[in-house]
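Chains, contacts and geometry: an overview
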Amino acid sequence: MTGRYVIHLPVRAADLARAKMLGRTAGRSLAFLAVVELGGITVSTEDDQSVRHWVFCDRKLDGGRRCVLRADHETPCLARQDLSGRTGGR
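Conventions we followed
- Per chain, residues are indexed from 1 in the order of the written sequence.
- Local features in this predicted model are restricted to residues whose pLDDT is 70 or higher, and side-chain atom pairs enter the listing and the counts only when it is 80 or higher, whereas totals over whole chains, interfaces and linings include all residues.
- For the side-chain quantities, the full set of heavy atoms in the structure was used; hydrogens and water were omitted.
- Starting at the N terminus, helices and strands are each numbered in turn, a helix being any DSSP run of H or I of at least four residues and a strand any DSSP run of E of at least two.
- Think of it in three bands: with a 1.4 Å probe and only protein chains considered, a residue is buried below 20% of the maximum accessible area for its type, exposed above 50%, and partly exposed in between.
- We call two residues in contact whenever any of their non-hydrogen atoms come within 4.5 Å of each other.
- Within the patch definition used here, like charges are joined within 9 Å and nonpolar side chains (Val, Leu, Ile, Met, Phe, Trp, Tyr) within 5 Å, considering only residues with over 30% relative accessible area and no salt bridge.
- Surface accessibility in these figures is a Shrake-Rupley result with a 1.4 Å probe; residues are shielded only by whichever protein chains are displayed.
- Think of a salt bridge as a Lys or Arg side-chain nitrogen and an Asp or Glu carboxyl oxygen that are within 4 Å of each other.
- Here, expected helix span is obtained from the residue count minus one, scaled by 1.5 Å.
- By construction, the arc corresponds to the directions joining the helix axis to the C-beta atoms.
- In protein, a polar contact requires one atom able to donate a hydrogen and another able to accept it; more generally it is a pair of N or O atoms within 3.5 Å, and residues adjacent in sequence count only if both atoms are side-chain atoms.
- Every definition here rests on a 1 Å grid over the protein atoms only: cavities are sets of points where a 1.4 Å probe fits but cannot get out, pockets are open sets enclosed by protein on both sides within 12 Å along at least five of seven lines, and lining residues have some atom within 4 Å of a point.
- Grid points are joined across faces, edges and corners, and a volume is the space filled by probe spheres set on the points.
- Gly falls in the polar group here, along with every residue not listed as nonpolar (Ala, Val, Leu, Ile, Met, Phe, Trp, Tyr, Cys, Pro) or charged (Asp, Glu, Lys, Arg).

Scanning the protein chain from N- to C-terminus turns up one helix and two strands. If you list the helices and strands of the protein chain from N to C, you get α-β-β. Residue burial in the protein chain is summarised as follows: out of 90 residues, 19% are buried. Summarising the internal contacts of the protein chain: among those between residues at least 6 apart in sequence, 20% fall at separations of at least 24.

Structure representation (structure tokens):
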């Protein structure tokens, strides 16, 4: 059978806010990989994994880009920057 597979990586956090922060941090640190879908990152309680909370907004914006801010942001959406043409070091 062919198809997509999803990695579930259980990580404990003290509360929902910290779980979302850890999800955003992990997602951004792996965002350089084309296979990572930031908009698909969710968190849940260990005992009720069917109730998931979105970590990133990920709304579609002009030009096919997506918002990279947290899911519950109140400011205007911000597009993901295309760093593929970036050269040089830090």
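Another point: a nonpolar patch on the surface. Residues I7, L9, V11 and L22 make up a contiguous nonpolar surface patch of roughly 460 Å² in combined accessible area. Mapped onto the fold, I7 is located in the segment before helix 1 (16–30). Classification of I7 by relative accessible area gives exposed; the value is 78%.

With 15 residues, helix 1 extends 21 Å between its outermost C-alpha atoms, agreeing within 8% with the 21 Å of an ideal straight helix rising 1.5 Å per residue. Turning to helix 1, its buried residues are A19, K20, G23, R24 and G27. Mapping the buried residues of helix 1 onto a view down its axis gives an arc of 135°, with all of them on the same face. Away from its buried face by more than 90 degrees, helix 1 exposes A17 and R18. As for helix 1, its buried residues are in contact with strand 1 (42–45) and strand 2 (48–54). The N-capping residue of helix 1, defined by a side-chain oxygen 3.3 Å from the backbone nitrogen of A17, is D15.

Size it by volume and the largest pocket reaches roughly 1,600 Å³. In terms of lining residues, the largest pocket is bounded by 32 residues, among which I7, H8, L9, I41 and T42 are the most central. Of all the elements in the fold, those that place two or more residues in the lining of the largest pocket are helix 1, strand 1 and strand 2. Ranked by residue count, the leading element in the lining of the largest pocket is helix 1, at seven residues. In terms of residue class, the lining of the largest pocket is made up of 17 nonpolar, nine polar and six charged.

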